[in-house]
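# Understanding the architecture of this molecule
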Amino acid sequence: MKNNFLLGLAIAATVLTSCGDNDTADILITDNSTDNSTTNNNSGGNTSTGETILLKGNYTQDLILDAKNEYILDGPVVMESGTKMEIPAGMTIKANKGTEVYLAIAQGAQIFAEGTPSNPIVFTSNSSAPNAGDWGGLILLGSAPINSVDGTTATTATSEIASLPYGGSISDDNSGTLLYVRVEYSGGKVDGQSENNGISFYGVGNGTKVDYVQVFEGLDDGFEFFGGTVNASFIAVANADDDSIDWTEGYTGVLTNVYVKQNVDGDKAFECDGYNTDIGNNSNPIFFSAPTISNVTIEGIGSGGGKEAIRLRAGTQAIFDNVLIKGYKEGFDLDGDMGDNPTGQGVLDDKLQATNVKFDDVDTEVKNDTGFTFTNADFVTTSTTAAGTDFATWGAGWTRQ
């Protein structure tokens, strides 16, 4: 069998063996000499028209995908520390249906998925009739700070999917590049519990480049940031069945030019936590999520739909600027208390602010459930000229609606 796969799958292939008590896969590296690819040749001749190659398991060497081949995710794929994965522009990588089908770029590994406006890279379902949740999603894990550990006795946490380490002290950690990438029909839940997102960023550093990326019709969140410092620009989420943008565990990156379009099944456009309340804020000294977000357009289903655009809770801080919110029952919902979840204190300290905000068809602009006393004007500055982001221009040609 002729195999033009540049890495050589015989060296790097692994098998999935069982599910552990934490509802994630126990992945073991094995010596597997079986080639899982299928070769399609011209009438038995010597000129190859490309191969269909199944990807599954842990890869301990670089994985350089060839544009003439077709690649299908057939189970958990983990790029181990020290490796890199390169994906050419215009490639579509399909995923066989299954909740434990995902691509994870482990701490210390890198992905270089560099598409173009006319030739984006697409991760999608291999089903002929795709639906949200057909497969898992894309997972990046880095060594940037998180607040779920104290940073001294423990420097890393373990991801919900794949049980991989993430977090550390390297703010400019580099997990690679995502450029003109679209992730479709993701979000399958492992054993109905652990949740895959479209793209999960676990402790990813700001040496990573994330520009022009969309998550389309996922069953869970679109983008979720578990701590870290990664910046992202020109990002879009359409029709997520849960939250579109989610952060927690001390995320402190910068998001610019963000577009969210919600459907009737979606939950919130933004769900923003200062720390993971299931784990605790264990950092020493204590810090909360505090990203900067600018040029944002959020389109809901109308004020009668009963949804919240942006929920801020668990002590999160954030600076928003130039935000257009259309079609929501509530614009900003601030939750917290005067103890471990001091979201309102962020408002009083000018660490949680929203400026140049335009509300269109929004019943309640700001809801204060923090336990702190402040006026709407202490938190938000409205503007009739706020335009959000020009998604029609920068999203043309490579995104889906």
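Residues numbered from 1 in each chain as written. Predicted model: local features only at pLDDT ≥ 70, side-chain atom pairs only at ≥ 80, totals over all residues. Heavy atoms only, no water.

### Some thoughts on the overall build of the protein
The helix and strand tally for the protein stands at 4 helices and 29 strands. For the protein, buried positions account for 57% of its 401 residues. In the protein, the proportion of contacts linking residues at least 24 apart, taken out of those at least 6 apart, comes to 70%. (Helix = DSSP H or I, 4+ residues; strand = E, 2+ residues; numbered from the N terminus. Buried < 20%, exposed > 50% of the residue type's maximum accessible area, 1.4 Å probe, protein only. Contact = heavy atoms within 4.5 Å.)

### Some words on the packing of aromatic side chains
On inspection of all chains with the given rule, the structure shows 22 aromatic pairs. Here F270 and F320 contribute two aromatic rings whose centre-to-centre distance is 6.1 Å and whose plane-to-plane angle is 75 degrees, an arrangement assigned as edge-to-face. With F270 in strand β24 (residues 270-273) and F320 in strand β27 (residues 318-335), this pair connects stretches of sequence that are 50 residues apart. This pair shows no difference in class: F270 is buried, exactly as F320 is. (Phe/Tyr/Trp six-rings, centres within 6.5 Å; stacked < 30°, edge-to-face > 60°.)

### Considerations on the pattern of salt bridges
Summed over the entire model, instances satisfying the criterion amount to 17 salt bridges. Of the charged contacts, one joins K268 and D267 as a salt bridge, the two residues approaching to 3.0 Å between their closest N and O atoms. The shortest N-O distance in the salt bridge between R311 and D335 comes to 3.4 Å. Remark: D335 occurs in strand β27 and R311 occurs in strand β26 (residues 308-313); sequence separation between them is 24 residues. For R311, a relative accessible area of 17% translates into the label buried. Taking the relative accessible area as the measure of exposure, D335 reaches 17% and is therefore buried. Several salt bridges converge on common partners, so that one network encompasses D267, K268, E271, D273 and R313. (Salt bridge = Lys/Arg side-chain N within 4 Å of Asp/Glu carboxyl O.)

### Re unusual backbone geometry
Of note, the amide linkage connecting N284 to P285 takes the cis form, showing an omega dihedral of 5 degrees. Here P285 is to be found in the loop between β24 and β25 (292-299). A positive phi angle is found at E217, which is not glycine, with a value near 50 degrees. Here E217 is to be found in the loop between β19 (209-216) and β20 (223-226). Phi is positive for E249, close to 60 degrees, though the residue is something other than glycine. Position of E249 among the secondary structure elements: in the loop between β22 (245-248) and β23 (254-261). The exposure class of E249 is buried, given its relative accessible area of 2%.

### Examining the environment of N282
Secondary-structure assignment places N282 in the loop between β24 and β25. The residues touching N282, leaving out its near neighbours within four places in the chain, are N147, S148, V149 and D150. Polar contacts involving the side chain of N282 include one to the main-chain carbonyl oxygen of S148, which spans 2.9 Å. (Polar contact = N/O pair within 3.5 Å; in protein donor to acceptor, adjacent residues only side chain to side chain.)

### A word on the side chain of N147
For N147, the position within the fold is in the loop between β12 (138-141) and β13 (157-158). For N147, a relative accessible area of 0% translates into the label buried. One polar contact links the side chain of N147 to the main-chain carbonyl oxygen of G274, over a distance of 3.0 Å. Here the side chain of N147 touches F287 through a polar contact of 2.9 Å, landing on its backbone oxygen. When near neighbours in sequence (up to four residues on either side) are disregarded, N147 contacts E249, G250, G274, Y275, G280, N281, N282, S283, F287, F288 and S289.

### A few points about the pairing of β26
Counting buried positions along β26 yields 5 of 6 residues, so the element is predominantly enclosed. Sheet analysis places β24 next to β26, joined by 4 bridges and oriented parallel. Pairing of E271 across the sheet is with R311, part of β26. As judged from the 4 bridges shared by β26 and β27, these two strands associate in the parallel manner. (Pairing = 2+ DSSP bridges.)

### A closer look at the confidence of the model for the protein
On average, residues of the protein carry a pLDDT of 89, and 87% of them reach 70 or more. Across residues 1-47, where pLDDT falls below 50, the model places 105 contacts with residues more than four positions away in sequence or in other chains. (pLDDT = per-residue confidence, 0-100.)

### Points about the environment of R182
In this fold, R182 is placed in strand β15 (residues 176-184). When the C-alpha positions of R182 and Y212 are compared, they lie 8.6 Å apart, and in sequence the two are 30 residues distant. Engagement of the side chain of R182 in a polar contact is seen with the side chain of E184, the distance being 2.6 Å.

### Description of the pairing of strand β18 (residues 199-202)
Here β18 shows two buried faces, one formed by I199 and F201 and the other by S200 and Y202. Alignment of β12 against β18, held across 4 bridges, turns out to be parallel. Residue L141 lies in a different strand from β18, and its bridge partner there is Y202. Sheet analysis places β18 next to β20, joined by 4 bridges and oriented parallel. Looking across to β20, one finds that F201 is bridged to F225.

### Side note on the nonpolar core
Core analysis: the largest hydrophobic core is formed by 74 residues, its most contacted members being F270, F320, F332 and F379. Residue contributions to this core peak at 7 residues, all from β27. Look past the residues within four positions of F379 in its chain and what remains in contact with it is L312, F332, L334, V347, L352, Q353, A354, V366 and F374. Grouped together as the second largest cluster of nonpolar side chains are 16 residues, Y102, A104, A106 and I161 included. (Core = buried A, V, L, I, M, F, W, Y, C linked by side-chain atoms within 4.5 Å.)

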